[in-house]
Amino acid sequence: MDERNGFEERLRQARAREGLDKRPDGRGALPQGPWGIGLRAGVEVFSALVVGIGLGFALDRWLGTWPWLFLVFFVLGSAAGVMNVYRLFNPRRHPRGK
Amino acid sequence: MAAEGKTIDALSQFELSPVLGIFGDAVSFSQSNLFMVIAVALTVGLMTATANRAALIPGRLQALGEAAYEFIAGMVRDQVGDEGKKYFPFVFSIFMFVLFGNLLGMLPYAFTFTSHIVVTLTLAIVVFLVVTGIALARHGMHFFSYFFPEGAPVWLAPIIIPVEIISYFSRVVSLSVRLFANMVAGHVMLKVFATFVVLLGGLGAVGPFVAAMPLAVNIALVGFEFLVAFLQAYVFAILTSIYLHDAVHLH
């Protein structure tokens, strides 16, 4: 085995040990059928909206600024929902190793 | 019970009532709590039986326990990497608790404690707190860089950071709502079709023949519910380990 191959092999092992490389079946282990993905996307949007609206309500009650923070957080919650769905298909990448 | 007065009453199965007589009344010990205790006892019993005998050629119980152990151990290793071994007991406990909760609910007269949002929300909050705690302990203040992806324009920070924080908190809701909604929907469907069987069965001579249709649907649903029981426990565990991966490696 020449030096380069040995290095690649050790690098691969080290990366696998550190969990930097997702194994091929890594995230794909979640249900991949159309229903699975559709329901997951729905739940992600719904939950981001719930958190956004809930935060807006709570802050408004606390600061007495109804309905302004509610409106702001409603929009932010929608954006977070869209981002959750985007993440579903394009998971975050590690900044270094792609 | 469900077909009394010729109405469909699909939700009373989720009502809590005290059990164990006077003791249950005194401390509000409901069927939900009882089945949680049963689930924990079964898990402990299974794993004790597995570990105690530890035969070279496993018996049925030991094979079951080892299969469960290896399933989750492999999942944590795949998702989190070798550092994830530390967190295996946590993921395994969560998985077995949810799995036994779902499966016990499939027994007649049993209560499905995972069909209550309080229970699933509490589980999700525990997962959330543990994962956030691990991330803070491992990365300290660097953890907060999670909320601002590298390379994004700085002037977008006022928008990106709140959105990322909401997205981070939405894990709790999505984790709990997914399990809760699946269990409630499944058990409501079972009850509705079971009620159809009873109502249609009383339609005189043709009754039994018509009632065979919802009965067939119900049989298929029972099989489907067993699938959902496993699948939802699996999804809960794998999402926990995906979150653990994020906490350990901090993308």
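If you're wondering where the values come from, they're calculated on a predicted model, not measured in any experiment. Residue indices begin from 1 for each chain and proceed along its sequence in written order. Throughout, the order in which chains and ligands are written sets their labels, letters from A for the former and numbers from 1 for the latter. Local features in this predicted model are restricted to residues whose pLDDT is 70 or higher, and side-chain atom pairs enter the listing and the counts only when it is 80 or higher, whereas totals over whole chains, interfaces and linings include all residues. Excluding hydrogens and water, the side-chain values take into account all heavy atoms of the structure.

A. Inspection of the overall build of chain B at higher detail. Secondary structure is summarised from DSSP: a helix means a run of H or I of at least four residues, a strand means a run of E of at least two, and numbering begins at the N terminus for each. Secondary structure assignment for chain B yields seven helices and zero strands. Ordered by position in the sequence, the α and β elements of chain B form the string α-α-α-α-α-α-α. With the C-alpha coordinates aligned to their principal axes, the bounding extent of chain B is approximately 75 × 55 × 40 Å. Within chain B, buried positions represent 47% of all 251 residues. For this analysis, residues touch if any pair of their heavy atoms sits within 4.5 Å. Counting only contacts in chain B whose residues sit at least 6 apart along the sequence, the fraction spanning at least 24 positions is 69%. By the counting rule applied here, Lys and Arg register as positive and Asp and Glu as negative, while His and the ends of each chain are not counted. To locate a charge, take NZ of a lysine, CZ of an arginine, CG of an aspartate or CD of a glutamate. Where the 10 positive side-chain charges of chain B centre and where its 13 negative ones centre are 6 Å apart. Exposure categories follow from relative accessible area, calculated using a 1.4 Å probe and restricted to protein chains: below 20% of the type maximum is buried, above 50% is exposed, and the middle band is partly exposed.

B. How the structure looks around the packing of aromatic side chains. Residues and elements named next belong to chain B. Under the pairing criterion, centres of Phe, Tyr and Trp rings, with the six-membered ring standing for Trp, must be within 6.5 Å; the plane angle then separates stacked pairs below 30 degrees from edge-to-face pairs above 60, leaving the rest tilted. Under the criterion given, the structure shown has 21 aromatic pairs over all chains. Here Phe128 and Phe169 contribute two aromatic rings whose centre-to-centre distance is 5.3 Å and whose plane-to-plane angle is 35 degrees, an arrangement assigned as tilted. Placement of the pair is Phe128 in helix 5 (residues 117-139) and Phe169 in helix 6 (residues 157-201), with a sequence separation of 41 residues. For Phe128, a relative accessible area of 13% translates into the label buried. Overall, the relative accessible area of 39% leaves Phe169 in the partly exposed class. Among the aromatic side chains, those forming a connected cluster through ring pairs are Phe128, Phe143, Phe144, Tyr146, Phe147, Tyr168 and Phe169.

C. Expanded view of the pattern of salt bridges. What makes a salt bridge here is a side-chain nitrogen of Lys or Arg within 4 Å of a carboxyl oxygen of Asp or Glu, nothing more. Within the structure shown, the criterion is met by five salt bridges over all chains. A:Glu44 is the salt-bridge partner of B:Arg178, the closest N and O atoms lying 3.8 Å from each other. With B:Arg178 in helix 6 and A:Glu44 in helix 2 (residues 34-63), this residue pair bridges two chains. When sorted by exposure, B:Arg178 lands in the same class as A:Glu44, which is buried. In this structure, B:Asp246 engages B:Arg171 in a salt bridge whose closest nitrogen and oxygen atoms are separated by 3.2 Å. Here B:Arg171 lies in helix 6 and B:Asp246 lies in helix 7 (residues 207-249), a separation of 75 residues in the sequence. Neither residue differs from the other here; B:Asp246 and B:Arg171 are each classed as buried. Salt bridges sharing partners connect three or more residues here, namely A:Arg40, A:Glu44 and B:Arg178.

D. Summary view of the UniProt feature "transmembrane region" (unreviewed entry) in chain B. All names here are of chain B. UniProt positions are given in the numbering used here, feature names are shortened, and annotations may be inferred rather than shown by experiment. Feature annotation in UniProt assigns "transmembrane region" (unreviewed entry) to the following positions: residues 34-51, 87-111, 117-137, 144-169, 189-212 and 219-244. End-to-end, the C-alpha atoms of residues 34-51 are 26 Å apart, and along that stretch the chain is 100% helix and 0% strand. As annotated, residues 117-137 comprises 100% helix and 0% strand, and the C-alpha atoms at either end are separated by 29 Å.

E. The arrangement of the environment of B:Leu20 in detail. Relative to the assigned elements, B:Leu20 resides in the segment before helix 1 (21-27). Taking the C-alpha atoms as reference points, B:Leu20 and B:Ile134, separated by 114 residues in sequence, lie 39 Å from one another.

F. Fine view of helix 3 (residues 60-80) of chain B. Residues and elements named next belong to chain B. Expected helix span is given by 1.5 Å per residue-to-residue step, counting one fewer step than there are residues. For helix 3, built from 21 residues, the straight-helix expectation of 30 Å at 1.5 Å per residue is met to within 8% by its first-to-last C-alpha distance of 30 Å. The set of residues buried in helix 3 consists of Gln62, Gly65, Ala68, Ile72, Ala73, Gly74, Met75, Val76, Gln79 and Val80. In this structure, the buried residues of helix 3 make contact with helix 2 (31-53), helix 4 (88-104) and helix 7. Following helix 3 by one or two positions, Gly81 has its phi on the positive side, about 95 degrees.

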